[in-house]
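Observations on the three-dimensional arrangement
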Amino acid sequence: IIPPTEAAIAEMLTGTDLPADHIVAKIIPRMGKATVEKIAINAVMAGALPTHMPVIIAAVQAVMEPKARYDTFQVSTGSWAPFLILNGPVREDIQVNTGSGALSPGNIANAAIGRTLGLISRNIGGARAGIEDMGVIGNPAKYSLVLGEFEEASSWGPLHVDRGFKKEDSTLTVFFPNSYTQTIPAQTSAQGIADRWADLVTGGLSCLVVIPDHAYILSREGWTKQKLKKYIVEKAHARDGNTNLREEDFIIVVAGGPGVWLGRFTSAGGAAMGNFHNDFVTTKIEFPRNWEKLVAKYKDVVPDYVR
């Protein structure tokens, strides 16, 4: 943990134009005031860079959107973790890993942004294990769960465009899964890949992580995101009578490296829990006026093992 010295905090604050005492949100469960300065302090301790501040601020705002249902997921026995998905130019600006091992350790942005949000939930929100956070077993994804979509390798349009934003916008999407499944299809034809997805999706909000190879195969054989979603829903209805599953209950993100594996993150809610009223939250990331200079200053900062 990096000590939050005054100099380090001041440097972190160069990543935003907001005043240090500006309250971004009040964080449950104990309604601590997440001022820009307090966010910066936690970002320093997590090893973040000033270029990560716009994303971290957007993440704090997104998780506290009522339909994200952080008020339930943070204190639940189910150990739900905030999953942050980044789209747009910010991925390149701050060097988010979108390809091979995107969810593994070893990348500063992916690790530090998620770690900062975890520290904020405890140091500002006041969530203590076994008192406010009642997770029975816990969840290692709470250390950090940050993914950038590999838009450049996708045969489909990016997630944030699906959700109504412009391609040139930088966005953050959040929801709260508590389980992750990796598997492979029996056949790597488009039909085989689609059938494997249909076997996996059973209900609740979920994110399908489609590797670029599979996206290419599906697209080449005429499968759009919408066609794949429709097929999954129809198969679920036919297989187990799950008429609550809707196409809008899951999102598709292209990420990862070469191979045959596919991944799914699963949460609660969606149509299966009609009175819960949770959903994916996507917010646009706002940048400070000195953004280009900051990007240039920190573009060569990489983990030592890379060198």
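Residues numbered from 1 in each chain as written. Predicted model: local features only at pLDDT ≥ 70, side-chain atom pairs only at ≥ 80, totals over all residues. Heavy atoms only, no water.

**Focus on the pairing of strand β9 (residues 262-266)**
Consecutive side chains of a regular strand alternate in pointing toward one face of the sheet and then the other. Most of β9 is tucked away, with five of its five residues classed as buried. Burial along β9 is two-sided: the residues Leu262, Arg264 and Thr266 and Gly263 and Phe265 are all buried. Judged from the five bridges that link them, strand β6 (residues 179-183) and β9 form a sheet pairing that is antiparallel. By the bridge assignment for β9, Thr183 is matched with Leu262. Taken together, the four bridges between strand β7 (residues 206-210) and β9 define a ladder with antiparallel strand orientation. Within the sheet, the bridge partner assigned to Ser206 lies in β9 and is Thr266. (Buried < 20%, exposed > 50% of the residue type's maximum accessible area, 1.4 Å probe, protein only. Helix = DSSP H or I, 4+ residues; strand = E, 2+ residues; numbered from the N terminus. Pairing = 2+ DSSP bridges.)

**Quick word on the nonpolar core**
Ile39, Val60, Ile94 and Leu172 are the most contacted members of the largest nonpolar core, which totals 50 residues. Here the element with the most residues in this core is helix α3 (residues 53-63); it accounts for nine residues. Counting 24 residues, the second-largest nonpolar core is a separate cluster that includes Val210, Leu218, Leu228 and Ile232. (Core = buried A, V, L, I, M, F, W, Y, C linked by side-chain atoms within 4.5 Å.)

**Observations regarding the pairing of strand β2 (residues 32-35)**
Note: strand β1 (residues 23-27) against β2, four bridges, orientation antiparallel. Along β2, the bridge assignment pairs Ile27 with Gly32. Connecting β1 to the antiparallel partner β2 that follows it, the hairpin turn spans four residues, and Met31 within it adopts a positive phi of roughly 60°.

**As for a nonpolar patch on the surface**
A surface patch of nonpolar side chains, amounting to about 270 Å² of accessible area, comprises Ile184, Val260 and Trp261. For Trp261, the position within the fold is in the loop between β8 (250-254) and β9. The class for Trp261 is partly exposed, based on a relative accessible area of 47%. (Patch = residues over 30% accessible without salt bridge, like charges linked within 9 Å, V, L, I, M, F, W, Y side chains within 5 Å. Areas by Shrake-Rupley, 256 points an atom, 1.4 Å probe, with all protein chains shown as cover. Salt bridge = Lys/Arg side-chain N within 4 Å of Asp/Glu carboxyl O.)

**What about the packing of aromatic side chains?**
Across all of its chains, the model carries 10 aromatic pairs by this definition. Their ring planes at 50° and their centres at 5.9 Å tell us that Phe83 and Phe175 sit as a pair that is tilted. With Phe83 in strand β3 (residues 83-87) and Phe175 in strand β5 (residues 171-175), this pair connects stretches of sequence that are 92 residues apart. In this pair, the class of Phe83 matches that of Phe175, namely buried. For the ring pair Trp223 and Tyr231, a centre distance of 5.3 Å and an interplane angle of 90° mean the geometry is edge-to-face. Classification of Trp223 by relative accessible area gives buried; the value is 7%. Assessed through its relative accessible area of 17%, Tyr231 is described here as buried. Three or more aromatic residues joined by ring pairs make a cluster, and in this case those are Tyr70, Phe73, Trp80, Phe176 and Phe276. Above the face of the Trp223 ring, Lys227 is positioned so that its terminal group lies 4.5 Å from the ring centre. (Phe/Tyr/Trp six-rings, centres within 6.5 Å; stacked < 30°, edge-to-face > 60°. Lys NZ or Arg CZ within 6 Å of the ring centre and 35° of its normal.)

**As for helix α11 (residues 291-298)**
Those residues of α11 that sit buried are Trp291, Leu294, Val295 and Tyr298. Down the axis of α11, the buried set is contained in an arc of 100°. They therefore lie on one face. Turned more than 90 degrees off the buried face of α11, the exposed positions are Glu292, Lys293 and Lys297. Contact partners of the buried residues in α11: α1 (6-12), α3 and α5 (90-93). (Arc of directions from axis to C-beta. Contact = heavy atoms within 4.5 Å.)

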